[in-house]
Amino acid sequence: MVSKNQPSPINRKLVILSLFFLFILYVLLNAKPSSFRPIITSSDSSSPQTCNKIPLSLSESLLHYATGGIDTTPQQSLQEISVTLRVLEKKSPCNFLVFGLGQDSLLWASLNYKGRTVFLEDSKFWMAMVKKQFPSLEMYLVPYDTKLNQADELFDIGKKLSTCQIVIDPRMSKCPLAIKNLPNEVYETEWDLIMVDAPMGYNHSLSPGRMKVIYTAGLLAKNKKNGETDVFVHDVNRAIEDKFSSAFLCEAYRKEQVGRIRHFNIPSHRTGNRPFCS
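Residues numbered from 1 in each chain as written. Predicted model: local features only at pLDDT ≥ 70, side-chain atom pairs only at ≥ 80, totals over all residues. Heavy atoms only, no water.

Across a regular strand the side chains alternate sides, sitting on one face of the sheet and then on the other. For strand β2 (residues 116–121) and strand β3 (residues 138–141), the ladder comprises 4 bridges, and the chain directions are parallel. Bridge assignment links Glu121 to a residue of β3, and that residue is Leu141. (Pairing = 2+ DSSP bridges. Helix = DSSP H or I, 4+ residues; strand = E, 2+ residues; numbered from the N terminus.)

See the structure below:
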């Protein structure tokens, strides 16, 4: 998600805004009165009145995308966003882990209204900018120790080592593809959705690449105590995202692909005797 500025047609932005207005209407029509703060009029305290206020996260999102210019339109297309939105409509409020911090971060936090949405970012500079603008977002700085030019070597290791076919807490894994330096709450939370849209996976051979992130996302999903985890990988038009997601998130668990986004529905491997890829 480090490619923060991508030009987009103005009609796409209007469609995104329309989607937000429809979502807000849905929230207002379906929310319980207790979920909003009552406002008592000072003119007549004997007959208090209430009004349903738009949640702060939604109002911030509308303001952000309405006034920020075309360059703040989310990186994913409307069709790609809709893939994740359909799952959020069924599961939210839920636990949503996002690898990356971009122009669409506020959108994901808003669509997961009342749920917990956590962002992991490797750019300290970019994270500071976003945190200053949207301090309500929960984000953590995470360094990555891989390079794009290591992709082939890491892929071979992941396929050949038996330790890479064992479902376990990533912190305990002996597979070189498992990331062990994430915040503890990442490992200790049961995630309902995981989005892989970072770190940078293009530009030059020294970019971090998403090899370990894709493997670790799959391990978090399979190591869940029970239930299923929906995992989304963006930019599967690129060789590494395509190859690693198919191999380590498992083709058997692929649900669909729309444009550059691929959706996997991964069951828990904690019960039963499942192979790494069923």
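Within helix α5 (residues 124–133), burial applies to Trp126, Met127 and Val130. Looking straight down α5, one finds that the buried residues subtend no more than 100° of arc, so they occupy a single side. Exposed and facing more than 90 degrees away from the buried side of α5 are Lys124, Phe125 and Lys132. In this structure, the buried side of α5 is in contact with β2 and β3. (Buried < 20%, exposed > 50% of the residue type's maximum accessible area, 1.4 Å probe, protein only. Arc of directions from axis to C-beta. Contact = heavy atoms within 4.5 Å.)

Next up on the list: the packing of helix α6 (residues 151–160) against helix α9 (residues 239–250). Where α6 contacts α9, the two axes come as close as 11 Å, and the packing angle between them is 5°. In terms of axis orientation, α6 runs roughly parallel to α9. For the pair formed by α6 and α9, the contact residues are Ala151, Asp152, Leu154, Phe155, Gly158 and Lys159 on the first element and Ile240, Lys243, Phe244, Ala247 and Phe248 on the second. A class-by-class count of the residues in the contact of α6 with α9 yields 7 nonpolar, 1 polar and 3 charged. (Axes fitted to C-alpha atoms, helices over the stretch in contact; angles between N-to-C directions. Parallel < 35°, antiparallel > 145°, perpendicular 65-115°, else oblique. Nonpolar A, V, L, I, M, F, W, Y, C, P; charged D, E, K, R; others polar.)

So, about the side chain of Lys222. Tracing the backbone shows Lys222 in helix α8 (residues 211–222). It is Glu251 that comes nearest to the buried, bridge-free Lys222 among opposite-charge side chains, at 12 Å. One polar contact links the side chain of Lys222 to the main-chain carbonyl oxygen of Phe248, over a distance of 3.3 Å. One polar contact links the side chain of Lys222 to the main-chain carbonyl oxygen of Phe276, over a distance of 3.0 Å. Other than its neighbours up to four places away in sequence, Lys222 contacts Val167, Phe248, Cys250, Tyr253, Ile266, Pro267, Ser268, His269, Arg270, Phe276 and Cys277. (Lys, Arg positive; Asp, Glu negative; His and termini not counted. Salt bridge = Lys/Arg side-chain N within 4 Å of Asp/Glu carboxyl O. Polar contact = N/O pair within 3.5 Å; in protein donor to acceptor, adjacent residues only side chain to side chain.)

Attention now goes to the pattern of salt bridges. As enumerated under the stated definition, the model contains 16 salt bridges in all. Asp192 is the salt-bridge partner of Lys224, the closest N and O atoms lying 3.4 Å from each other. Pair noted here: Lys224 is in the loop between α8 and β5 (228–234) and Asp192 is in the loop between α7 (184–188) and β4 (193–196), with a separation of 32 residues, a long-range link. Judged on exposure class, the residue Lys224 and its partner Asp192 are both buried. Here Arg262 ties to Asp242 by a salt bridge, and the two come within 2.9 Å at their closest N and O atoms. Within this pair, whereas Arg262 is found in strand β7 (residues 261–267), its partner Asp242 is found in helix α9, the two being separated by 20 residues in sequence. In this structure Arg262 comes out as buried when scored by relative accessible area, which is 3%.

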